[in-house]
Amino acid sequence: MQKSLSSGVHSLILGIAAVAAALAGGAQAQDSFPSKPITLVVPYPPGGSNDVFARTIARELGDVLRQPVIVDNRPGASGTTGTAAVSHAPADGYTLVAVSSSMTTNAAVQRKMSFDPEKGLTPVAMFADGPFIVAVNNSFPARNPQELIAAIRARPGVFNYASSGSGSVNQFGTELLKSQAGRLFITHIPYRGMGPAVTDLISGQTQVLMASGPSLLPMVRAGKVRAVGITSAQPSAIAPDLVPFSSAVTGYDFSLWWGLLAPSGTPASVVEKLNAAVNQVLAKPEVRERFLREGAQVKPMTPAQFGTIIAADIGRWKQLAKQQNILAD
């Protein structure tokens, strides 16, 4: 019996030692992170703001972490295909996804998603945010937010506004303006992407479009459309000569953000290391200038702060979708 007891104690000691070794190995792996290349998934085609910002971050992040950061474009289903793939990837910090706030508007209108946008992903870092530009066809009788609101109210239901699709972030921004302005009757015309929407704005098939700086500012500078304001609550360095729509609609504030997420369960030490590295990249003047040229201002923050913004946006857009009857394609 004594021999059996000793054998049991010996087995218990070996078991404890094995667990301790495993924990030590895991801790050591986290301390040495990253020890191999990181894949940064962009859930959109090359060329858009998500892709441009992700590639800017990836180049600099690779230098900071001393490991290559490889950009992998996986477009599809309004960004949900690539994002879902990352949510199901190993939670080790080696597979990340660059998203924008369109992820939160998708969550508000898509009934079935192959991942949980709040619980299936871990916030790592915000890159930047930027207001939308509101532009009109050159023949439209408005040059600032007040005149735009007045023109629409004077002829309810006559004018159309374009978006890049039903349930798009552009539609959400415009419907938010309508809900806060009150008595603003303008018809939504959804397009299959921003290109056709801009084309029809230029031709006059639609009269109003709210979109990111990169989508509209080149057309404004070329004189093909007229910018009448920006959607941030305060003046922005993105377009310092444009008046915020909050000057005409009290409390109106709408911006697009971009950031980095990891699979849920990624160790906190890995998330913190990635966050510190991204914020180090965002502090570089050349990175700040590149983002500004593309219509955004860098906005470093902690993972917890970023998570709070994501959760608040999802709740906010779900409420607006219900109130304004915003539906996905």
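Thresholds, definitions, all that
- Numbering of residues starts from 1 in every chain and runs along the sequence as written.
- Note on the predicted model: pLDDT of at least 70 is required for a residue's local features to be given, and 80 or more for side-chain atom pairs to be given and counted; whole-chain, interface and lining totals, by contrast, use all residues.
- Just so you know, side-chain values use all the structure's heavy atoms and leave hydrogens and water out.
- Note on scores: pLDDT gives the predictor's confidence for each residue, bounded by 0 and 100.
- Two residues form a contact once any of their heavy atoms are found within 4.5 Å.
- Here, strands pair whenever DSSP counts at least two bridges between them.
- Helix and strand definitions follow DSSP, with helices as H or I runs of at least four residues and strands as E runs of at least two, each counted in order from the N terminus.
- We call a crossover right-handed when, viewed with both strands directed away from the observer, the connection leading from the first strand over the helix to the second proceeds clockwise.
- Each residue gets one of three labels from its accessible area relative to the maximum for its type: buried under 20%, exposed over 50%, partly exposed in between, using a 1.4 Å probe on protein chains only.
- Between N or O atoms, a polar contact is any pair within 3.5 Å; within protein, one atom must be a potential hydrogen donor and the other a potential acceptor, and residues adjacent in sequence are included only when both atoms are from side chains.
- Among the buried residues, those of types Ala, Val, Leu, Ile, Met, Phe, Trp, Tyr and Cys that are joined through side-chain atoms within 4.5 Å form a nonpolar core.

A.B. asks: Describe the confidence of the model for the chain, naming the residues involved and giving the relevant values.
C.D. replies: Summing up the model confidence of the chain, the mean pLDDT is 90 and the portion of residues at 70 or higher is 91%. Here residues 1-9 scores under 50 on pLDDT; set against residues more than four positions off or in separate chains, the count is zero contacts. Taken as a whole, residues 11-27 scores under 50 in pLDDT and shows zero contacts with residues more than four places along the chain or in a different chain.

A.B. asks: Explain the pairing of strand S6 (residues 187-190) to me, using residue names and the numbers behind them.
C.D. replies: Where strand S5 (residues 160-163) and S6 come together, four bridges link them in parallel fashion. Considered in S6, the bridge of Asn160 is made with Thr187. In terms of handedness, the path from S5 via helix H6 (residues 169-181) over to S6 forms a crossover that is right-handed.

A.B. asks: Could you give me a rundown of unusual backbone geometry, with the residues and numbers involved?
C.D. replies: Peptide bonds are, in most cases, trans, and in most cases residues other than glycine have a negative phi. In the segment running from Phe33 into Pro34, the intervening peptide bond is cis, with an omega of -5 degrees. Here Pro34 shows up in the loop between helix H1 (2-31) and strand S1 (38-42). Non-glycine residue Ser78 carries a positive phi angle of around 55 degrees. Its location among the elements puts Ser78 in the loop between strand S2 (69-73) and helix H3 (80-87). Since its relative accessible area comes to 46%, Ser78 is described here as partly exposed. The phi angle at Arg183 is positive, at roughly 50 degrees, despite the residue not being glycine. When you line up the elements, Arg183 lands in the loop between H6 and S6. For Arg183, a relative accessible area of 61% corresponds to the exposed category.

A.B. asks: Tell me what's going on with the environment of Thr80, and back it up with residues and numbers.
C.D. replies: Note on placement: Thr80 falls in helix H3. Those residues in contact with Thr80 that sit more than four places away from it in its chain are Asn106, Gln110, Met113 and Phe115. At 2.7 Å, the side chain of Thr80 and the backbone oxygen of Ala77 are in polar contact.

A.B. asks: So what about the environment of Pro68? Which residues, and what values?
C.D. replies: Here Pro68 shows up in the loop between helix H2 (49-65) and S2. Considered as a pair, Pro68 and Pro37 are 31 residues apart in the sequence and their alpha carbons are 4.9 Å apart. If sequence neighbours within four positions are ignored, Pro68 has contacts with Pro37 and Ile38.

A.B. asks: Tell me about the nonpolar core, and please be specific about residues and values.
C.D. replies: In terms of nonpolar packing, the biggest core is built from 66 residues, with Phe127, Leu148 and Phe291 touching the most fellow members. Formed by 18 residues, the second largest nonpolar core is a distinct cluster that contains Met194, Ala227, Ile230 and Ile238.

A.B. asks: Can you lay out the environment of Arg226 for me, pointing to particular residues and giving the numbers?
C.D. replies: Relative to the assigned elements, Arg226 resides in strand S8 (residues 225-230). The spacing of Arg226 and Thr250 is 24 residues in sequence and 23 Å in space, taken between C-alpha atoms. With sequence-adjacent residues up to four places away left out, Arg226 is seen in contact with Val134, Ala135, Val136, Asn137, Asn138, Phe140, Ala142 and Arg143. A polar atom in the side chain of Arg226 sits 2.8 Å from the backbone oxygen of Phe140. In this structure the side chain of Arg226 is engaged in a polar contact, spanning 2.8 Å, whose partner is the backbone oxygen of Ala142.

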